[in-house]
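Working through the structure, step by step
Chain residues, written in single-letter form:
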Amino acid sequence: VDAPGGIELATAAVQRLGPDAPTAAGGYHCDVLEWELLRNHAGEPRRLPKRWRGRQQLPAGTFVYEAERITPPRPVIGDGFIHAFAWRGEGPGMPAGRAGGIGYVEQMGRP
């Protein structure tokens, strides 16, 4: 969670490797590699991450991944967007230490 001006208020990560696997919680850090300027629901310009690198500090070790947006961002009421992304990463619990997949992001607020 970031406040206006990019001030970080809270970060968290949860990893779940399958329907029967337990979840693991830990810290999270994100570095945006590429930004895109888009208009929110009210038509105001906002920066939205297009590519980013994440690090999750989990009890079993560090999971590192890179992600890229794969669908057009959909503005939602307020200042946010929803979009899908593809990711590739490596770390503990991943098959052969490395894996990938797709997910979605709900971005709320002003980055």
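In the block above lies the structure referred to throughout.
Keep in mind it's a predicted model, so treat the numbers as computed, not measured. Per-chain numbering applies: the sequence of each chain, read as written, is numbered from 1 onward. In keeping with the model being predicted, local features are shown solely for residues with a pLDDT of at least 70 and side-chain atom pairs are shown and tallied solely at 80 or more, while totals for entire chains, interfaces and linings include all residues. Side-chain descriptors were evaluated using all non-hydrogen atoms of the structure, hydrogens and water having been removed beforehand.

What follows is about the packing of aromatic side chains. Centre distance and the angle of the planes are the two values used to describe a pair of aromatic rings. Ring geometry is summarised as follows: Phe, Tyr and Trp rings, the Trp one being its six-membered ring, pair when their centres sit within 6.5 Å, and such pairs are stacked at plane angles under 30 degrees, edge-to-face over 60 and tilted between the two. Per the counting criterion, the structure on display carries four aromatic pairs. On the numbers, 5.9 Å between centres and 20° between planes, the contact of Phe63 with Tyr65 is stacked. Grouped by ring-pair contacts, the aromatic residues Tyr28, Phe63, Tyr65 and Trp87 constitute a single cluster. Note on criteria: charge over ring means Lys NZ or Arg CZ within 6 Å of the ring centre, with the direction from the centre no more than 35 degrees off the ring normal. Above the plane of the ring of Trp35 lies Arg47, whose end atom (NZ or CZ) is 3.8 Å from the centre.

Attention shifts here to the pattern of salt bridges. Here, a salt bridge means any side-chain nitrogen of Lys or Arg that lies within 4 Å of a carboxyl oxygen of Asp or Glu. Per the stated rule, a full pass over the model turns up four salt bridges. As a salt-bridge pair, Asp31 and Arg55 come within 3.4 Å of each other at their nearest N and O atoms. Placement of Asp31 in strand β4 (residues 24–39) and of Arg55 in strand β5 (residues 45–58) is noted, with a sequence separation of 24 residues between them. For Asp31, a relative accessible area of 29% gives the class partly exposed. For helices the rule is a DSSP run of H or I covering at least 4 residues; for strands it is a run of E covering at least 2, with both sets numbered from the N terminus onward. Relative accessibility thresholds used throughout: buried, under 20% of the residue-type maximum; exposed, over 50%; partly exposed, between the two (1.4 Å probe, protein chains only).

Core analysis: the biggest nonpolar cluster contains six residues, these being Trp52, Leu58, Phe63, Tyr65, Ala67 and Phe85. Contributing elements (two or more residues each) for this core: β5 and β6 (61–69). At three residues, β6 tops the list of elements feeding residues into this core. Should any heavy atoms of two residues lie within 4.5 Å, those residues are counted as being in contact. The residues touching Trp52, leaving out its near neighbours within four places in the chain, are Tyr28, Cys30, Asp31, Val32, Leu33, Tyr65, Glu66, Ala67, Arg69, His83, Phe85 and Val105. Take the buried residues of types Ala, Val, Leu, Ile, Met, Phe, Trp, Tyr and Cys, join any two whose side-chain atoms come within 4.5 Å, and each joined set is a nonpolar core.

Following DSSP output, two strands are said to pair if at least two bridges run between them. Pairing of β4 with β5 involves twelve bridges; the strand directions are antiparallel. Directly across from Trp35, in β5, lies its bridge partner Pro49. What sits between β4 and β5 in their antiparallel hairpin is a turn of five residues, with Gly43 showing a positive phi close to 85°.

Within the secondary structure layout, Asn40 lies in the loop between β4 and β5. In this structure the side chain of Asn40 is engaged in a polar contact, spanning 2.8 Å, whose partner is the backbone nitrogen of Glu44. The term polar contact refers here to a pair of N or O atoms within 3.5 Å; inside protein, the definition further demands a hydrogen-donor-capable atom paired with an acceptor-capable atom, and it admits residues adjacent in sequence only when both atoms are side-chain atoms.

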